[in-house]
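Take a look at the letters that make up each chain.
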Amino acid sequence: MRHGKKFNHLSRKSAHRKSMLANMACSLIEHKRIRTTLAKAKALRVYIEPLITKSKNDTTHSRRIVFSYLKQKEAVTDLFGEIATKVADRAGGYIRILKLGNRLGDNAQMAYVEFVDYNEDYTTDKPKRKKSRRARKKSSDAAASNIKEEKVEEISVSEVSVAEESPESEAPSAEESPESEAPSAEESSESEAPSAEESSESEAPSAEESPESEAPSAEESPESEAPSVDEELEDSNPETKEK
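What you see is a predicted model, and the numbers here were worked out from it, not measured in a lab. (Residues numbered from 1 in each chain as written. Predicted model: local features only at pLDDT ≥ 70, side-chain atom pairs only at ≥ 80, totals over all residues. Heavy atoms only, no water.)

Undergrad: Which residues make up the pairing of strand S2 (residues 95-102), and what values do they have?
TA: Where S2 and strand S3 (residues 109-115) come together, six bridges link them in antiparallel fashion. In the strand pairing of S3, Lys99 is matched with Ala111. Turn length for the S2-S3 hairpin, with the two strands adjacent in sequence and antiparallel, is six residues, and the turn residue Gly105 shows positive phi of about 110 degrees. (Pairing = 2+ DSSP bridges. Helix = DSSP H or I, 4+ residues; strand = E, 2+ residues; numbered from the N terminus.)

Undergrad: Go over the packing of aromatic side chains with me, naming the residues and quoting the values.
TA: By the definition in use, this model includes two aromatic pairs. Here Tyr47 and Tyr69 contribute two aromatic rings whose centre-to-centre distance is 5.9 Å and whose plane-to-plane angle is 75 degrees, an arrangement assigned as edge-to-face. Here the residue Tyr47 occupies a position in helix H2 (residues 38-55), and Tyr69 occupies one in helix H3 (residues 60-70), the gap between them amounting to 22 residues. Pairing Phe115 with Tyr118 gives two aromatic rings, centres 5.9 Å apart and planes at 65 degrees, and the pair type is edge-to-face. Given a relative accessible area of 25%, Tyr118 falls into the partly exposed group. Directly above the ring of Tyr118 sits Lys86, whose terminal nitrogen or CZ lies 5.4 Å from the centroid. (Phe/Tyr/Trp six-rings, centres within 6.5 Å; stacked < 30°, edge-to-face > 60°. Buried < 20%, exposed > 50% of the residue type's maximum accessible area, 1.4 Å probe, protein only. Lys NZ or Arg CZ within 6 Å of the ring centre and 35° of its normal.)

Undergrad: How would you explain the confidence of the model for the chain if you had to name every residue and give the values?
TA: Predicted confidence across the chain gives a mean pLDDT of 75, with 56% of residues reaching 70 or more. For the chain, the element scoring lowest by mean pLDDT is helix H6 (residues 238-242), at 51; H3 scores highest, at 97. Contacts of residues 215-219 to residues separated by more than four positions or lying in other chains number one contact, the stretch itself having pLDDT below 50. Contacts of residues 221-226 to residues separated by more than four positions or lying in other chains number zero contacts, the stretch itself having pLDDT below 50. (pLDDT = per-residue confidence, 0-100. Contact = heavy atoms within 4.5 Å.)

Undergrad: I'd love a proper account of the side chain of Ser55, names of residues and values included.
TA: Topologically, Ser55 is positioned in helix H2. Of the polar contacts made by the side chain of Ser55, one reaches the backbone oxygen of Ile52; its length is 2.5 Å. Ignoring any residue separated from it by four or fewer positions in sequence, one finds Ser55 in contact with Leu79, Phe80 and Ala84. (Polar contact = N/O pair within 3.5 Å; in protein donor to acceptor, adjacent residues only side chain to side chain.)

Undergrad: Mind laying out unusual backbone geometry, listing which residues take part and the relevant values?
TA: The phi dihedral of Leu10 falls on the positive side, at around 60 degrees, and the residue is not glycine. Notably, Lys32 is not glycine yet its phi reads approximately 65 degrees, a positive angle. You can call Lys32 buried: its relative accessible area is 17%.

Structure below.
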């Protein structure tokens, strides 16, 4: 009769059940996280947590008791070394069970078994984040508004300066324009006057030179023609030929 026996036998005899839990405990110590059925995970938690509590007192007696359960030297060394220092400040609850979906085939419910202190996603001792994001946003908004105000002030100052400088800049331009045009008109008349005189002077000598050049040509022509007539007369008179 099994009156008062409330633990799960896991459909195994005691020897098989103890060896299976010992192997699962060694695997958990080595890998810090394993995946198994939910029933085995609950049985493993009851099996390994007293051994972790024993590892906090590092004595020969404690090591012998833990070794009688795990049967592996490497697992005992890791448990009394790294894991014991990691869970030294924790009073209990060293193992966490995370439920998963059902397994294909027999539809058994699966779960993760892991050490609480080795999962950084669930640790509560994380450094607190600085709550200065809102202040930074406000400061950035204030800085942006100050920059906008400065830009508006610069634009207004530049517009005022342009408005003040515009009449002064236009006045000298209007005064300078007739001055710049007047010398241009005088210079144009001066430039035209000498051109007219030079044209008359250039035409006058050409007219004087033309009769002089034509006169000697007219005088030379009769002189050159006269001897030709006398020679003809001498040739025609026979007396002149006899003389």
